[in-house]
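Given next are the chains, with one letter for each unit.
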Amino acid sequence: MSSSPASPAPSASSSGSKASKDAPPPLPEPLRVAVADSHTHLDMQSGTVEEGLAKAASVGVTTVVQVGCDVKGSRWAAETAAAYENVHAAVALHPNEAPRIVHGDPDGWSRQGARAGGGDAALDEALAEIEALAGLDHVKAVGETGLDYFRTGPEGMAAQERSFRAHIEIAKRTGKALVIHDRDAHADVLRVLREEGAPERTVFHCYSGDAEMARECAAAGYYMSFAGTVTFKNAAPLREALAVAPLELVLVETDAPYLTPAPYRGRPNAPYLIPLTVRAMAAVRGIDEDAMATALAANTARAFDY
């Protein structure tokens, strides 16, 4: 991680616009009841871990779950959780990482750059390292894993599903929560969970389904974690899902540096912006923010067993 240098004074309206887009949003009004950010990527945010945690704590976000997306990031998550009492780790190969390991990544889209494919043997090797990390005490979850049909085409689906099934088994063997990334793949994610048998604690990160899917998740006892997307104007189906989800199965997250809540959509996200999403969620549920925060804090601790 590196801190962003101060931007020079803009010389034109276009550069001024970019400077405002890159600028961190202001601190929100602090929550009175402390909550946890159930899914963040501190390694992709500017500034140091200490700065990010202090800023979050100043507004009542006192715990974060740091999520790995590849072997290197999962190692970093585990090391960071070992170093900070209020950081818990989740380790996994992101759904888009599995096809890159198997088939290669000639375009170098991921943070690891261009890679040659290593086949199933390379995927098995990476999964073995994830399982070793998942066994550590300060690693509380296996994730984010699942299926993503947005960025990976049909040629990558088999590798994604094989990796997803392996992660489910790792979560069950290690007794850890399972954190699911589900993008444009609702039916197949639910199918694989039924076929494999979900772990005792399963979290749909950045929940993106509708109310009907929320009822299905609730019947299975799956947690649904809502991100800044629930504040977006065009996200009525998400708010409908939140309205019907059992309160005891609802979590909140940033997925920072992505998915910054309104009114700062498009600017850098970080755990300190959780209060904006908590307040929007409380409004959807028709309860006060203290009651919402109290439920979220208890739910996150229960989901991740800390």
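A brief look at the structure comes next. (Residues numbered from 1 in each chain as written. Predicted model: local features only at pLDDT ≥ 70, side-chain atom pairs only at ≥ 80, totals over all residues. Heavy atoms only, no water.)

**Focus on the overall build of the protein chain**
Each helix and strand counted, the protein chain has 11 helices and 10 strands in total. In terms of C-alpha radius of gyration, the protein chain reaches 19 Å, essentially the compact-globule figure of 19 Å for 306 residues. Along the first, second and third principal axes, the C-alpha set of the protein chain runs to 50 × 45 × 35 Å. Relative to its full complement of 306 residues, the protein chain shows a buried share of 51%. Total accessible area computed for the protein chain in this model is approximately 13,000 Å², and 54% of it derives from carbon and sulfur atoms. With 28 positive and 40 negative side-chain charges, the protein chain shows a separation of 4 Å between the mean positions of the two kinds. (Helix = DSSP H or I, 4+ residues; strand = E, 2+ residues; numbered from the N terminus. Rg over C-alpha atoms; globule rule 2.2 N^0.38 Å. Buried < 20%, exposed > 50% of the residue type's maximum accessible area, 1.4 Å probe, protein only. Areas by Shrake-Rupley, 256 points an atom, 1.4 Å probe, with all protein chains shown as cover. Lys, Arg positive; Asp, Glu negative; His and termini not counted. Charge placed at Lys NZ, Arg CZ, Asp CG, Glu CD.)

**Describing helix H7 (residues 186-196)**
Side chains that are three or four residues apart share a direction in an α-helix, a result of its 3.6 residues per turn. Val189, Leu190, Val192 and Leu193 are the residues of H7 that are buried. The buried residues of H7 all sit within an arc of 160 degrees when viewed along its axis, so they share a single face. Exposed side of H7, more than 90 degrees from the buried face: Ala187 and Arg194 are the residues found there. Looking at the packing, one finds that the buried side of H7 touches strand S6 (139-148), helix H6 (157-174), strand S7 (177-183), strand S8 (202-204) and helix H8 (211-220). Following H7 by one or two positions, Gly197 adopts a phi angle in the positive range, close to 85 degrees. (Arc of directions from axis to C-beta. Contact = heavy atoms within 4.5 Å.)

**A word on the packing of aromatic side chains**
What the rule picks out here adds up to 2 aromatic pairs. Pairing Phe204 with Tyr222 gives two aromatic rings, centres 5.7 Å apart and planes at 35 degrees, and the pair type is tilted. Remark: Tyr222 occurs in the loop between H8 and strand S9 (223-226) and Phe204 occurs in strand S8; sequence separation between them is 18 residues. Residue Tyr222 is classed as buried on the basis of its relative accessible area, which comes to 8%. Pairing Tyr207 with Phe226 gives two aromatic rings, centres 5.5 Å apart and planes at 50 degrees, and the pair type is tilted. Of this pair, Tyr207 sits in the loop between S8 and H8 while Phe226 sits in strand S9; the two residues are 19 residues apart in sequence, bridging distant segments of the chain. By relative accessible area, Phe226 is classed as buried at 0%. (Phe/Tyr/Trp six-rings, centres within 6.5 Å; stacked < 30°, edge-to-face > 60°.)

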